[in-house]
Structures are given as structure tokens and as C-alpha cells.
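Structure at a glance
Take a look at the letters that make up each chain.
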Amino acid sequence: ICSIIVNHGIAKGWECMSEGTEVATQLISALTNQGKLHLKLPEGVQLHARPLSLFANIAQKHGTPLTMTLGGEVVNAASIMQMLVLAGRYADQRQVIFVGDEAPLRDIRSLFDARLGEEGMEHFPPNIAYLRPS
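No experiment lies behind these values; they were computed from the predicted model shown. (Residues numbered from 1 in each chain as written. Predicted model: local features only at pLDDT ≥ 70, side-chain atom pairs only at ≥ 80, totals over all residues. Heavy atoms only, no water.)

1. Comments concerning a nonpolar patch on the surface
Taken together, Val23, Leu27 and Leu31 make up a surface patch of nonpolar side chains, about 310 Å² in accessible area. The exposure class of Leu31 is exposed, given its relative accessible area of 69%. (Patch = residues over 30% accessible without salt bridge, like charges linked within 9 Å, V, L, I, M, F, W, Y side chains within 5 Å. Areas by Shrake-Rupley, 256 points an atom, 1.4 Å probe, with all protein chains shown as cover. Salt bridge = Lys/Arg side-chain N within 4 Å of Asp/Glu carboxyl O. Buried < 20%, exposed > 50% of the residue type's maximum accessible area, 1.4 Å probe, protein only.)

2. Quick word on the sheet that holds strand β1 (residues 34-40)
The strand order across the open sheet formed by 4 strands is β1-β4-β2-β3, and the pairing between neighbours is antiparallel. Bordering the open sheet on either side are β1 and β3 (73-76), each of which pairs with just one other strand. Strand after strand, the sheet turns through a mean of 20° between neighbouring axes, direction not considered. Sheet topology note: the strand β2 (residues 66-70)/strand β4 (residues 95-101) ladder contains 4 bridges and is antiparallel. Across the sheet, the residue bridging to Thr67 is Val99, located in β4. Set on the sheet, helix α4 (residues 102-113) makes contact with β1, β2 and β4; between it and β4 the angle comes to about 150°. (Pairing = 2+ DSSP bridges. Helix = DSSP H or I, 4+ residues; strand = E, 2+ residues; numbered from the N terminus. Axes fitted to C-alpha atoms, helices over the stretch in contact; angles between N-to-C directions. Contact = heavy atoms within 4.5 Å.)

3. Details of the side chain of Asp101
Positionally, Asp101 belongs in strand β4. Although Asp101 lies buried, it forms no salt bridge, and the closest oppositely charged side chain, Arg106, sits 6.6 Å away as judged by the N-O distance. Once residues within four sequence positions are removed from consideration, Asp101 is found in contact with Thr32, Asn33, Gln34, Thr64 and Pro65. (Lys, Arg positive; Asp, Glu negative; His and termini not counted.)

4. Notes on the packing of helix α2 (residues 49-62) against α4
Direction vectors running N to C along α2 and α4 enclose 155°, while the axes themselves pass 9 Å from each other. One way to sum up the angle between α2 and α4 is to call them roughly antiparallel. Judged by the sense of rotation from one axis to the other, the crossing of α2 with α4 is right-handed. Residues Leu54, Phe55, Ile58 and His62 of α2 pack against Ala103, Pro104, Asp107, Ile108, Leu111 and Phe112 of α4. Taken together, the residues that form the contact of α2 with α4 break down as 8 nonpolar, 1 polar and 1 charged. (Parallel < 35°, antiparallel > 145°, perpendicular 65-115°, else oblique. Left-handed = near helix turned anticlockwise from the far one by under 90°. Nonpolar A, V, L, I, M, F, W, Y, C, P; charged D, E, K, R; others polar.)

5. Quick look at the pattern of salt bridges
Summed over the entire model, instances satisfying the criterion amount to 3 salt bridges. The shortest N-O distance in the salt bridge between Arg89 and Glu73 comes to 2.7 Å. Highlighted residues: Arg89 in helix α3 (residues 80-89) and Glu73 in strand β3, separated in sequence by 16 residues. Given a relative accessible area of 28%, Glu73 falls into the partly exposed group. A salt bridge links Glu119 to Arg115; its shortest N-O distance comes to 2.7 Å. Judged by relative accessible area, Glu119 falls into the exposed class, the value being 55%. Residue Arg115 is classed as partly exposed on the basis of its relative accessible area, which comes to 26%.

What follows is the structure, encoded as C-alpha cells:
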């Protein structure tokens, strides 16, 4: 009897969470200004662990869904591991697409304008100063 109750409870819990995810996704779309950002990697800059971790920090700071597309594959930009695998798979790709709310997209653009921090983080504009190590 215990296993029936536990299994039934888990199944209903999963069902409830799945419905909640749908509602949350709809709310995020309705309450945020979604956009798409097409960017080209600056000359001499590659996607490696440090710039990818900066993308993840931006995504985590804003707390809204942000995706990165490279070579036609889409990953969660809050996940350093997903981005590392993607960047390794498409190491020669120069075009990167981000989709999400305008606030993290603005910070991503500023990071690209700052050459992904390859020349140092001390010159980051104020909107991405939070990315500098403390």
C-alpha cells in the first residue's frame, strides 16, 4: 500500500509540476520583452570556458530563460556545461544567436562589445560591471 501511495503521489506531483512549467513559460513570455540577438564573434576571440561562464552569469543574474544557438543547435545559456559541449562541437562557428528577455540580451551585447573580456574586465561598461571578479 505504501508503494502505491508513494508512486501515485510522485506521478501526480510530476503532472502538477509539468502544468506549472507551462504556466510559468506563458507568464514569462507575457511579462517580459523577448528578443533575438545575432552576434558575430570578434576577430581573434573564441568561445571557451571563461566567456561562456560570463554568459551563464548573465543568464543567472537576470533569472529569465536565455538560450544560445550555435551551428543550429540551441542550449540553455544558464548552463556552462551545455554551452561548453556546444562550443566544442561547433568550434569554427562565428555566428552566435541569443534569445531571451531584453535585459540579459542588452548585457550580452555589451559583453560582445567588450570583446568578451579578452582584453580585461576592468573596462566593462557599468551595466555588466557585476561580471568582474570581486
